[in-house]
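# Architecture and fold: a report
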Amino acid sequence: MRSKAEDSRRLAAFFQGEIARLATRPVRLMEVCGTHTVAIFKAGIRQLLPEAVELVSGPGCPVCVTPNGYLDTAVAYSRRGDVIIATFGDMLRVPGSSSSLAAEQARGADIRIVYSPLDSLAIAAAAPAKKVIFLAVGFETTAPTAAATVLAAEQAGLENFYVLSAHKLVPPALRALLTAGGARVDGFLLPGHVSAIIGEAPYRFLAEEFAVPGVIAGFEPLDVLQAVYLLVKQIAAGEATLANQYRRVVPPDGNPAARAVLDKVYEEADAAWRGIGVIPASGLAVRDAYRRFDAPAALPVEAEETRDHPGCRCGGVLRGEVRPAECPLFGKACTPERPVGSCMVSVEGTCAAWYKYGAGRWQA
Amino acid sequence: MCLAVPAKIIDRQDMMATVEVSGVTRRVSMMLLPDAKVGDYVLVHAGFAIQTVDEEEARRTLELLEELAGHEE
Ligand code: SF4
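Source: prediction; values computed, not measured.

## Comments concerning the interface of chain A and chain B
Of the residues lining the interface, 43 residues belong to chain A; the matching set on chain B comes to 31 residues. Of all residues in chain A, R10, Y115 and R248 of chain A give up the largest surface area on contact with chain B, accounting jointly for 19% of the area buried on that side. Seen at the junction of chain A and chain B, the total is 0 salt bridges. Across the contact surface, chain A and chain B share 8 residue pairs in polar contact (both at pLDDT 80 or more). Elements with a minimum of two residues in the side of chain A that touches chain B: helix 1 (4–22), helix 4 (62–65), helix 8 (143–156), helix 10 (192–198), helix 12 (221–236) and helix 13 (256–265) of chain A.

Have a look at this one:
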């Protein structure tokens, strides 16, 4: 019996060899999940690939693609004395037009970090005189958890819980990128946990309409290597199909129960993406039946006029057109300690990942 | 942000469950995965079980890969 580690090494060597053999021309593969971006760095996948295979990050970090206007609105809410903001931790330091939630917190705003959206219900129950607003950010993986929380709030009869929704949908963003063409993508490494919810069907257009292959991929080093192998193999053969490398977690139809919960509370709506602009039907808005939980509808607030930092190239980075090191502020005026743009804030942001794991290679 | 961790359901109470992740137990909501049972491995994201981990599929994939790598030697 060989050991598991030995098996993994053998398989990795096999994929590595096949990728090198098959990559006879330069290919650009885009990963559209911040969790993949980090996994690729941590496992040192780039070092295992031949020069012909380039991995670029796409608009896969929900915090990064959230435009300044949303943050400005969240900041405006946080300044109200009757509001408690509940948020995932990585939103805290994202710079808005002139402030951030972290800065507001330092000035006394009541901002609570939650691990689960459900935690905000406990906060709301304990502070009936306050209005608790959950910053509902995230892709299809996260959006059902916010929807379920709205249903739970309704069931519990909570009258002081709201969501500020900036949920985004991955497939429409891929379509927008391919239509614009600037990223020159030869294949997609598709996000495993988004797919666990939506399944395979929403990606079929990649191959059918754009002749671009896609592989739904897991997050272990071997998963990523295998997915790259499956992409390179298709490209070498001149084929384009959708493959599912992550079957152990992604059934073809995803999670219909989660989608039903999502669909009860939210409906598709146009949404603004940082760096890409408004993409039709790429976001989620609270349905009319749940309007009393929708912060902008139930508690209108005025935000400052939105400005983007003039030097930040985060938009181009999110489209896969600009490498972080090509931004003049990267590693100088902009670091994870003092981020100028959202791509440097979240650990999953492309700029932050290159800064943290790039081991100085970006300095070359 | 889409990070999700595998956990084993060790107890279920209506729409909540107790799961174990490397020796630590915590409570998660089953609202998004109502059919999962005690003993199942599930993926947990933001306090919710969001999908079942198919152990059998995981084993099959590995076997197939093994075979593939073996043939090429
Ligand atoms: S390094 Fe900073 S300023 Fe430059 S693109 Fe990235 S986030 Fe924006």
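## Here's the deal with the packing of helix 8 of chain A against helix 13 of chain A
All names here are of chain A. Where helix 8 meets helix 13, the closest approach of the two axes is 8 Å, and the angle between their N-to-C directions is 60 degrees. Judged by the inter-axis angle, helix 8 sits oblique to helix 13. Seen from above, helix 8 lies across helix 13 with left-handed handedness. Residue-level inspection shows A143, P144, A147, A148, V150 and L151 of helix 8 in contact with helix 13, the latter providing A258, V261, L262, K264 and V265. Residue composition of the contact of helix 8 with helix 13, by class: 10 nonpolar, no polar and 1 charged.

## Comments concerning the packing of aromatic side chains
Residues and elements named next belong to chain A. Within this structure, the stated rule accounts for 11 aromatic pairs over all chains. Taking the centre distance of 6.2 Å and the plane angle of 20 degrees together, the rings of F139 and W273 count as stacked. Placement of the pair is F139 in the loop between strand 5 (131–136) and helix 8 and W273 in strand 10 (residues 266–273), with a sequence separation of 134 residues. Using a relative accessible area of 1% as the deciding quantity, one classes F139 as buried. With relative accessibility at 3%, the residue W273 sits in the buried group. Taken together, F14, F15 and Y229 form an aromatic cluster joined through their ring pairs. Across from the ring centre of F205, 4.4 Å away, lies the NZ or CZ of R175, which sits over that ring.

## What to know about the sheet that holds strand 3 (residues 83–87) of chain A
Residue and element names in this part refer to chain A. Strand order in the open sheet made by the 4 strands is 4-3-5-6, with parallel pairing throughout. In this open sheet, the two strands that pair with only one neighbour each are strand 4 (111–113) and strand 6 (161–165). Between one strand axis and the next, the sheet turns by 25 degrees as a mean value, whatever way the strands run. Together, strand 3, strand 4, strand 5 and strand 6 form the strand contacts of helix 7 (residues 119–126), whose direction differs from that of strand 5 by roughly 170 degrees.

## Considerations on the pairing of strand 1 (residues 5–13) of chain B
Residues and elements named next belong to chain B. Pairing geometry for strand 1 and strand 4 (residues 41–45), over 4 bridges, is antiparallel. Bridging from a neighbouring strand, V5 pairs with V44 of strand 4. Pairing between strand 1 and strand 2 (residues 16–21): 5 bridges, direction antiparallel. What sits directly across from I9, in strand 2, is V19. Joining the antiparallel neighbours strand 1 and strand 2 is a turn of 2 residues, in which D14 adopts a positive phi near 50 degrees.

## Some details on the state of the cysteines
Residues and elements named next belong to chain A. Applying the stated rule across the entire model yields 2 disulfides over all chains. Through a disulfide, C61 is tied to C64; the S-S separation comes to 2.3 Å. Taking the torsion about the sulfur-sulfur bond, which here is approximately 70 degrees, the covalent link between C61 and C64 counts as right-handed. Neither residue differs from the other here; C61 and C64 are each classed as buried. Here C314 pairs with C343 through a disulfide, and the sulfurs are 1.9 Å apart. Between C314 and C343, the disulfide has an S-S torsion of 85 degrees and is therefore right-handed. Taken together, the positions of C314 in helix 15 (residues 314–318) and C343 in the loop between helix 15 and helix 16 (350–357) put the pair 29 residues apart, joining distant regions of the chain. By the burial criterion, C314 is buried, and C343 matches it. Once the bonded cysteines of chain A are numbered in order along the sequence, the disulfide links fall as 1-2, 3-4.

## Here's the deal with unusual backbone geometry
Residues and elements named next belong to chain B. You will see that D14, though not glycine, has its phi angle at about 50 degrees, which is positive. Looking at the secondary structure, you find D14 in the loop between strand 1 and strand 2. Looking at D14, the relative accessible area reads 68%, which means it is exposed. For A46, which is not a glycine, the phi torsion comes out positive at approximately 50 degrees. Tracing the backbone through its elements, the reader meets A46 in the loop between strand 4 and strand 5 (48–52). With relative accessibility at 8%, the residue A46 sits in the buried group.

## A look at empty space enclosed by the protein
Residues and elements named next belong to chain A. The tally for this structure, following the rule as stated, stands at 3 cavities of 30 Å³ or more. Taken as a whole, the largest cavity encloses approximately 110 Å³ of empty space. Around the largest cavity, the lining comprises 14 residues; the ones closest to its centre are C312, R313, C327, C334 and C351. Looking at the lining of the largest cavity residue by residue, the class counts come to 11 nonpolar, 2 polar and 1 charged. Its boundaries defined by the atoms lining it, the second largest cavity holds a volume of some 40 Å³. Around the second largest cavity sit E31, V32, C33, G34, T37, S57, G58, G60, C61, L318, E348 and T350, which together line it. For the lining of the second largest cavity, the per-class residue count stands at 4 nonpolar, 6 polar and 2 charged.

About the criteria used
Residues numbered from 1 in each chain as written. Chains lettered and ligands numbered in written order. Predicted model: local features only at pLDDT ≥ 70, side-chain atom pairs only at ≥ 80, totals over all residues. Heavy atoms only, no water. Contact = heavy atoms within 4.5 Å. Buried area = accessible area lost by both parts, 1.4 Å probe. Salt bridge = Lys/Arg side-chain N within 4 Å of Asp/Glu carboxyl O. Polar contact = N/O pair within 3.5 Å; in protein donor to acceptor, adjacent residues only side chain to side chain. Helix = DSSP H or I, 4+ residues; strand = E, 2+ residues; numbered from the N terminus. Axes fitted to C-alpha atoms, helices over the stretch in contact; angles between N-to-C directions. Parallel < 35°, antiparallel > 145°, perpendicular 65-115°, else oblique. Left-handed = near helix turned anticlockwise from the far one by under 90°. Nonpolar A, V, L, I, M, F, W, Y, C, P; charged D, E, K, R; others polar. Phe/Tyr/Trp six-rings, centres within 6.5 Å; stacked < 30°, edge-to-face > 60°. Buried < 20%, exposed > 50% of the residue type's maximum accessible area, 1.4 Å probe, protein only. Lys NZ or Arg CZ within 6 Å of the ring centre and 35° of its normal. Pairing = 2+ DSSP bridges. Disulfide = S-S within 2.5 Å. 1 Å grid on protein atoms, 1.4 Å probe; cavity = no way out; pocket = protein on both sides within 12 Å on 5 of 7 lines; lining within 4 Å. Points joined across faces, edges and corners; volume = space filled by probe spheres on them.

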